[in-house]
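In case you want the letters, here they are:
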Amino acid sequence: MNNAQLNELKQRYVANGAASPATQFADRAENALIWDADGNRIIDFAGGIGVLNIGHRHPKVVEAVKAQLDKVMHTCQTVMPYEGYVKVAEKLSQVTPVRGHAKVMLANSGAEALENAVKIARAATGKNNVICFDGGYHGRTFMTMAMNGKVAPYASDFGTMPGNVFRAPYPVPYHGVSEDEAIRGLKMAIKTDANPRDTAAIVLEPVLGEGGFYPAPASFLKAIREICDEHGMLMIVDEVQSGFGRTGKLFAIEHSGVEPDIITMAKSMADGMPISAVVGTDKVMDASGPNSLGGTYTGNPLSCAATLAVLDVFEEENILEKSMALGDKLAKRFAQWQRDFDCVDNARNMGAMAALDLVSDKSKHTPDADLAAALCKKAREKGLILLSCGLYGNTIRFLMPVTIEDEILEEGLDLVEAALTELVGSKATA
């Protein structure tokens, strides 16, 4: 079927809340390229929203999934366990920087991992509250919607959210929130709302994802670790988008040297296959009773095979070094755009987790969400998938595969520049 025929089916049968606004349908893909149902070639700077750090259909992952497909597709691991689940648990325990010996539970999505992390923290501490941060994003289930630090579009239409969730400022000096102010706000939340004797955990992203790709300073993460220890709370780090090599480390928290009690992960851990994990200190992870964690499809054999292949690829193909190199290339191009365009500001990156802001007034940091939307639309017309994000909707994030070929990278960046030039006219005169 072609794009037009598929769009007709989408409009008739797919719920509006779940339907993509895109009118092109993916037919096949390879590394950083997608071909749609009409045969058009598209450069992918979104990577399925950070899922494809080693590219579409990495050959070693495809091979591993095909081999598993010939053996077992599903048994429900709580009914009949299989090697893949325990091998993934072993590997993640070895590479995830939590305190002490790590144990693992597997789930299906980032939101499901966060839900289970909160369950585990409550079981381990006997407390109910969690503290999250402005701009944070943790999922679309009810508990994770309550934890998100942004209402629209995730929770606008769905009524009352679960309670026992409290909010603190996230340090973004560009938007007027210093690290000191963020710490003061967190301590005030503990004093005024989230009594430590009732608070199980502090949950945060070491780099905001949907919130705008802002890395938390190492000193801020260390302060949170100290506050958690002081008050008997657990530190839960959400690495769903920042994990698996996006920042030049396997996990972004490694840049700080801080060891949380629990880390959640998903997205790029299986190169497109659905899986997530909660990894935590053994005593914490073992706090709840038998059969209290899990689900029908959690740790599916095919997804486990993909995860093990991904971890092998990281070792064999120097993915972390490639992530740092890609980040350097992006930073160089961003700096050029920031000089050349009055609308481009606040370029930033941690490894290949890179973004910039579009503004109507650089001196006042005035967000221009309309321009960000227009740029993404114009890029799509030119054959490039580009995503915006951020609390103010004006951040352009770059999530192309770390394995992207140099010539495809440059072609895509040239398309961004051409689209910007068409939208804003002449470049900066200053």
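Our subject is the structure that appears above.
Residues numbered from 1 in each chain as written. Predicted model: local features only at pLDDT ≥ 70, side-chain atom pairs only at ≥ 80, totals over all residues. Heavy atoms only, no water.

Draft legend 1. Local environment of the overall build of the protein. Helix and strand content of the protein: 13 helices and 16 strands. The C-alpha radius of gyration of the protein comes to 21 Å, within 12% of the 22 Å expected for a compact globule of 430 residues. Dimensions of the protein along its principal axes, counting C-alpha atoms only, are 60 × 55 × 45 Å. Relative to its 430 residues, the protein shows a buried fraction of 53%. Pairs at least 24 apart in sequence give 70% of the contacts found in the protein among residues at least 6 apart. For the protein, the exposed area adds up to about 18500 Å²; of that, 51% sits on carbon and sulfur atoms. On the protein, the mean spot of the 42 positive side-chain charges and the mean spot of the 54 negative ones are 2 Å from each other. (Helix = DSSP H or I, 4+ residues; strand = E, 2+ residues; numbered from the N terminus. Rg over C-alpha atoms; globule rule 2.2 N^0.38 Å. Buried < 20%, exposed > 50% of the residue type's maximum accessible area, 1.4 Å probe, protein only. Contact = heavy atoms within 4.5 Å. Areas by Shrake-Rupley, 256 points an atom, 1.4 Å probe, with all protein chains shown as cover. Lys, Arg positive; Asp, Glu negative; His and termini not counted. Charge placed at Lys NZ, Arg CZ, Asp CG, Glu CD.)

Draft legend 2. View of the pairing of strand β4 (residues 102-107). Taken across its six residues, β4 has five buried, putting it largely inside the fold. Pairing of β4 with strand β10 (residues 276-281), which is carried by six bridges, proceeds in the antiparallel orientation. By the bridge assignment for β10, V104 is matched with V279. (Pairing = 2+ DSSP bridges.)

Draft legend 3. Structural detail: the packing of helix α3 (residues 59-69) against helix α10 (residues 301-316). The contact between α3 and α10 brings their axes to 8 Å, and the two run at 150°. Here α3 is positioned roughly antiparallel relative to α10, judged by the angle of their axes. Considering the relative orientation of α3 and α10, their crossing is right-handed. In this structure, α3 uses K60, V61, A64, V65, Q68 and L69 to contact α10, whose residues at the interface are P301, L302, A305, A306, A309, V310, V313 and E316. Among the residues making up the contact of α3 with α10, the classes are represented as eleven nonpolar, one polar and two charged. (Axes fitted to C-alpha atoms, helices over the stretch in contact; angles between N-to-C directions. Parallel < 35°, antiparallel > 145°, perpendicular 65-115°, else oblique. Left-handed = near helix turned anticlockwise from the far one by under 90°. Nonpolar A, V, L, I, M, F, W, Y, C, P; charged D, E, K, R; others polar.)

Draft legend 4. Just a nonpolar patch on the surface, in detail. A cluster of nonpolar residues, M1, L9, Y13 and V14, forms a patch on the protein surface that exposes about 430 Å² of accessible area. Mapped onto the secondary structure, L9 falls in helix α1 (residues 3-13). Classification of L9 as partly exposed rests on a relative accessible area of 35%. (Patch = residues over 30% accessible without salt bridge, like charges linked within 9 Å, V, L, I, M, F, W, Y side chains within 5 Å. Salt bridge = Lys/Arg side-chain N within 4 Å of Asp/Glu carboxyl O.)

Draft legend 5. Representation of the side chain of S276. Mapped onto the fold, S276 is located in strand β10. A polar contact of 3.4 Å, which involves the side chain of S276, links it to the backbone nitrogen of N108. A distance of 2.7 Å separates the side chain of S276 from the backbone oxygen of S109, its partner in a polar contact. Discounting residues that sit within four places of it in the chain, S276 has contacts with M105, L106, A107, N108, S109, G110, A113, M265, A266 and M269. (Polar contact = N/O pair within 3.5 Å; in protein donor to acceptor, adjacent residues only side chain to side chain.)

Draft legend 6. Here's a closer look at helix α11 (residues 319-340). With 22 residues, α11 should cover 32 Å at 1.5 Å per step; its first-to-last C-alpha distance of 31 Å lies within 8% of that length. Within α11, burial applies to I319, S323, L326, G327, L330, R333, F334 and W337. Buried residues along α11 cover an arc of 140° about the axis, so they all sit on one side. Turned more than 90 degrees away from the buried face of α11, the exposed residues are D328, K332 and R339. Elements in contact with the buried residues of α11: α10, β11 (344-350), β12 (353-361), β16 (395-398) and α13 (406-424). (Expected span 1.5 Å × (residues − 1). Arc of directions from axis to C-beta.)

Draft legend 7. Here's a closer look at the nonpolar core. F45, L92, F244, L358 and F398 are the most contacted members of the largest nonpolar core, which totals 119 residues. Among the elements that make up this core, the one with the highest residue count is α10 (eight residues). Core analysis: the next-biggest nonpolar cluster, separate from the first, contains eight residues, V207, A252, C389 and L399 among them. (Core = buried A, V, L, I, M, F, W, Y, C linked by side-chain atoms within 4.5 Å.)

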